[in-house]
Amino acid sequence: MANFDQFKKNWLRPFLFYGNNPISLIGGALTTASALVLIGFWVVEFLGHGGSNNPYLGIIFDLILPGLFVLGLVLIPIGILWRRSRLKAAGELPSIYPEIDLGDPVFRHGIEFVVIATFINFVIVGTASYRGVAYMDTPNFCGQACHVMAPEWGAYPVSSHAGVACTECHIAAGIPGFVHAKVNGTKQLLMVVAHDYPRPIMAGDKLPPARTTCLNCHNADKEIGDKLLVETSYGDDEKNSMTRTLVLLHVGGRDQFGHLSGIHGAHLGHIEYISTDSNHQTIPWVGKTNDDGSVTEFVSADAKGPVAGEKHIMDCIDCHNRAAHSFDTPEKALNKDMAEGSPSASLPFVHKQGLVLMKASYTSQQEAASKITAGLESYYRSQYPQIWNGQRAQIDQAAKTLVAIYSRNVFPFMKVTWGTHPNNIGHNDYPGCFRCHDGNHNAKNGKSVTSVTNDCSVCHNLLAVDEPNPKQLADLGMH
Ligand code: HEC
Ligand code: HEC
Ligand code: HEC
Ligand code: HEC
Ligand code: HEC
């Protein structure tokens, strides 16, 4: 008891006496308010109701709130020293410090001030943090707050996943994913602040496995059956001749009898591979686990010596790697837009000229926009004056479309150009399926040699290839 009385007399009373000044009181209110908000969020997070695992939440919970907490703590002694030196200068230092007495109006007002200020701070800090959390979970934050995401942000709104938040695919559900994302997010933020980030940004091995992301929404086994792909292409001749390719893809899946078939059925869960580059474009070794548990190893004839390295289990992302932000080849993009009406196929050689202009190299999107537009205009002005005079609106529209295609796909400041981000779904533009199905990955089963097949018909029926008027389309009533 004696000890406590000493403590009260020598420490607590002077502390409260000097602490009763605006700076220290505000400091105290700030510290208690940010502590309350932090504890509140920790409890919510612990109970698993956080609802957010955004990597940049670290900015609020690891930087801003603790910063306010420390700021408040620092303000308290500053106020104390300030009051003490003022009283000292005025010669008013008390020889004995007043008793702690709730009846004392000065002391009571101090406490009331702290309680009210804490409450106000709590509301402000709490609302700001809550809004910050909500904001950081929006694709707007991921895609726009940081200009290095411009390429993905441009491709995202036109994908089938435009309504799926970036975090749904980029951050694994659960606590390890959360911690990993937090550490990574903070690292990436520092890289951006220091202007020291990779250009282009490649996903490499950084994506969480599909079972922690895609499969929260998709069913791995869903029977999809065959899917008809209709591709419209335009030629490089004066008339931009249109042709059609019809591919009936055997996507397959697991049917109602549990039988696996087709492209989906062939891979799920039992194929592993080793790649020699971080973007998984070169795959010298593939292993398939058979029904009896044995593994058939397919090794590329190009591999020199035995292949070693980390084994990856093949999942959705090994084929659907561009599900949410797909970049086109200039040919595919132009064909798609021409099929929708712009550039108009009535402009002579617009397909050929458009490709030349889009494939040229420019230092920025602004430069590309002005040079593509000027290039197309001068082409028609000099080569087809009649068209230039008669179809000016279509030429303007064509230039706009070409610029839009370029701006969605090429980002000179990030060193993202045509083909930087390969799409693994086919085999014509990028290695894709043929990373393994090149007919060159062989297994030695006793005496016979088998290969990962590249028989066209196991994957699709080519109903028509570059035909002007495929009969099948007419049969289906399509044009
Ligand atoms: C449907 C799932 C999905 C969504 C939604 C998604 N991504 Fe991705 N993202 C991926 C996959 C899969 C890759 C890996 C691409 C690869 O390996 O080629 C990737 C790769 C990336 C990369 C690495 C560079 C690149 O283009 O390959 C960046 C940057 C990126 N995403 C940003 C974003 C941003 C920003 C958003 C939200 C606006 C977003 N992503 C939304 C699935 C998604
Ligand atoms: C939050 C839910 C959600 C997540 C996570 C998600 N998807 Fe989807 N996905 C959808 C919805 C909804 C559609 C249908 C969109 C439509 O038809 O317009 C879709 C469509 C697709 C399609 C068909 C359309 C296309 O673009 O070809 C593919 C393929 C696909 N998703 C693959 C993936 C892959 C791979 C991942 C993981 C990297 C993933 N999805 C993650 C909800 C999701
Ligand atoms: C071996 C490559 C491969 C793997 C692995 C794969 N897919 Fe596919 N998937 C395809 C191909 C090829 C298509 C048809 C072409 C297309 O839609 O672009 C397709 C089509 C789809 C579609 C679109 C169906 C439609 O009606 O448009 C969805 C959805 C889909 N896959 C989801 C998944 C999910 C989820 C996984 C992982 C469990 C997965 N796929 C794994 C190759 C693959
Ligand atoms: C990482 C390597 C790899 C990639 C990439 C890959 N596959 Fe396969 N695929 C295999 C292996 C291994 C088999 C099993 C071969 C066997 O059993 O002989 C297989 C089997 C198949 C089969 C069944 C063949 C049969 O004889 O029944 C189809 C269909 C198929 N793949 C389609 C595709 C498509 C479409 C793509 C691209 C979207 C693709 N694969 C990409 C490794 C791969
Ligand atoms: C391992 C599976 C697989 C094999 C084997 C395969 N293809 Fe394909 N092919 C695909 C897939 C998947 C697509 C669809 C790509 C997409 O969705 O855009 C495709 C698309 C095509 C297209 C459409 C045009 C285009 O630009 O996409 C043509 C043409 C084609 N394949 C020709 C062939 C020929 C010829 C062979 C035999 C030498 C062959 N394919 C073997 C999987 C395969």
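The protein chain carries the name NapC/NirT cytochrome c N-terminal domain-containing protein in an unreviewed UniProt entry, which gives Silvibacterium bohemicum as its organism. Taken directly from UniProt, the Sequence similarities (unreviewed entry) text for the protein chain runs: "Belongs to the NapC/NirT/NrfH family." The Subcellular location (unreviewed entry) comment attached to the protein chain in UniProt states, word for word, "Cell membrane".

Student: Please explain the site of ligand 5 as it appears in this structure.
Tutor: Of all residues adjacent to ligand 5, which total 18 residues, the nearest are His427, Asn428, Cys456, Cys459 and His460. One nitrogen or oxygen atom from the side chain of His460 is found 2.6 Å from a nitrogen atom belonging to ligand 5. Going through the elements one at a time, strand S1 (225–234), strand S2 (242–254), helix H16 (456–459) and strand S10 (460–467) are the ones with two or more residues in the shell around ligand 5. In terms of residue class, the shell around ligand 5 is made up of 9 nonpolar, 6 polar and 3 charged.

Student: Hey, could you run me through helix H11 (residues 330–339) in this one?
Tutor: One turn of the α-helix equals 3.6 residues, which is why residues spaced by three or four share an orientation. Of the residues making up H11, those classed as buried are Pro330, Ala333, Leu334, Asn335, Asp337 and Met338. Where H11 is buried, its residues touch S1, helix H12 (350–359) and helix H15 (392–409). Positioned one or two residues after H11, Gly341 has a phi angle of 115°, which is positive.

Student: Even after reading the chapter, I still don't get the coordination of the iron atom of ligand 4, so can you show me in this structure?
Tutor: Where a metal carries four tetrahedral donors, each ideal angle is 109.5 degrees; where it carries six octahedral donors, the ideal angles are 90 or 180 degrees. Taken together, His267 (NE2) and His437 (NE2) make up the protein donors of the iron atom of ligand 4, found 1.9 to 2.0 Å from the metal. The site at the iron atom of ligand 4 holds 6 donor atoms, and with the angles between them running 87 to 180°, its shape is octahedral. Residue His267 is found in helix H9 (residues 262–267), and its partner His437 is found in the loop between H15 and strand S8 (441–445); the two are separated by 170 residues along the sequence. The burial state of His267 is the same as that of His437; both residues are buried.

Student: Can you walk me through the site of ligand 2 in this structure?
Tutor: Taken together, Ser160, His161, Val164, Glu168, Cys169, Thr213, Cys214, Cys217, His218, Cys316, Ile317 and His320 make up the full set of residues near ligand 2. One of the side-chain nitrogen or oxygen atoms of His161 is found 2.7 Å away from a nitrogen atom of ligand 2. Between ligand 2 and His218 there is a distance of 2.8 Å, counted from a nitrogen atom to a side-chain nitrogen or oxygen. If you list the elements that add at least two residues to the shell around ligand 2, you get helix H7 (166–170) and helix H10 (316–319). Each of domain 2 (140–207) and domain 3 (225–324 + 425–475) gives at least three residues to the shell around ligand 2.

Student: Where do I start with the pattern of salt bridges in this structure?
Tutor: Opposite charge on two side chains permits pairing when their charged atoms draw close. Under the counting rule described, the total for this entry stands at 8 salt bridges. A salt bridge links Asp221 to Arg254, with the shortest nitrogen-to-oxygen separation between them at 2.8 Å. A residue pair is termed long-range when its members are at least 10 positions apart, and Asp221 in the loop between helix H8 (175–193) and S1 and Arg254 in strand S2 qualify at 33 residues. Assessed through its relative accessible area of 33%, Arg254 is described here as partly exposed.

Student: Got a minute to help me understand the UniProt feature "transmembrane region" (unreviewed entry) in the protein chain in this structure?
Tutor: The UniProt record marks residues 21–44 and 56–82 with the feature "transmembrane region" (unreviewed entry), using the residue numbering of this structure. Secondary structure within residues 21–44 divides into 96% helix and 0% strand; the distance between the first and last C-alpha atoms comes to 35 Å.

Student: I tried to follow the packing of helix H13 (residues 365–383) against H15 on my own but got confused; where do I start?
Tutor: The packing of two helices is summarised by the inter-axis angle and the distance between the axes. As a packed pair, H13 and H15 sit with axes 9 Å apart at the nearest point and diverge in direction by 150°. Considering their axes alone, H13 and H15 lie roughly antiparallel with respect to each other. Remark: the crossing between H13 and H15 carries right-handed chirality. Where H13 abuts H15, its residues Gln365, Ala368, Ala369, Ile372, Thr373, Leu376, Glu377 and Tyr380 lie against Ile395, Asp396, Ala398, Ala399, Leu402, Val403, Tyr406 and Ser407. Residue composition of the contact of H13 with H15, by class: 11 nonpolar, 3 polar and 2 charged.

Conventions adopted
Residues numbered from 1 in each chain as written. Chains lettered and ligands numbered in written order. Predicted model: local features only at pLDDT ≥ 70, side-chain atom pairs only at ≥ 80, totals over all residues. Heavy atoms only, no water. UniProt positions renumbered as here; feature names shortened; annotations may be inferred. Near = heavy atom within 4 Å. Polar contact = N/O pair within 3.5 Å; in protein donor to acceptor, adjacent residues only side chain to side chain. Helix = DSSP H or I, 4+ residues; strand = E, 2+ residues; numbered from the N terminus. Nonpolar A, V, L, I, M, F, W, Y, C, P; charged D, E, K, R; others polar. Buried < 20%, exposed > 50% of the residue type's maximum accessible area, 1.4 Å probe, protein only. Contact = heavy atoms within 4.5 Å. Donors = N, O, S within 2.8 Å, 3.2 Å for Na, K, Ca; no water. Tetrahedral: all angles 85-135°; square planar, octahedral: opposite > 155°, others 65-115°. Domains from an automatic or database assignment. Salt bridge = Lys/Arg side-chain N within 4 Å of Asp/Glu carboxyl O. Axes fitted to C-alpha atoms, helices over the stretch in contact; angles between N-to-C directions. Parallel < 35°, antiparallel > 145°, perpendicular 65-115°, else oblique. Left-handed = near helix turned anticlockwise from the far one by under 90°.

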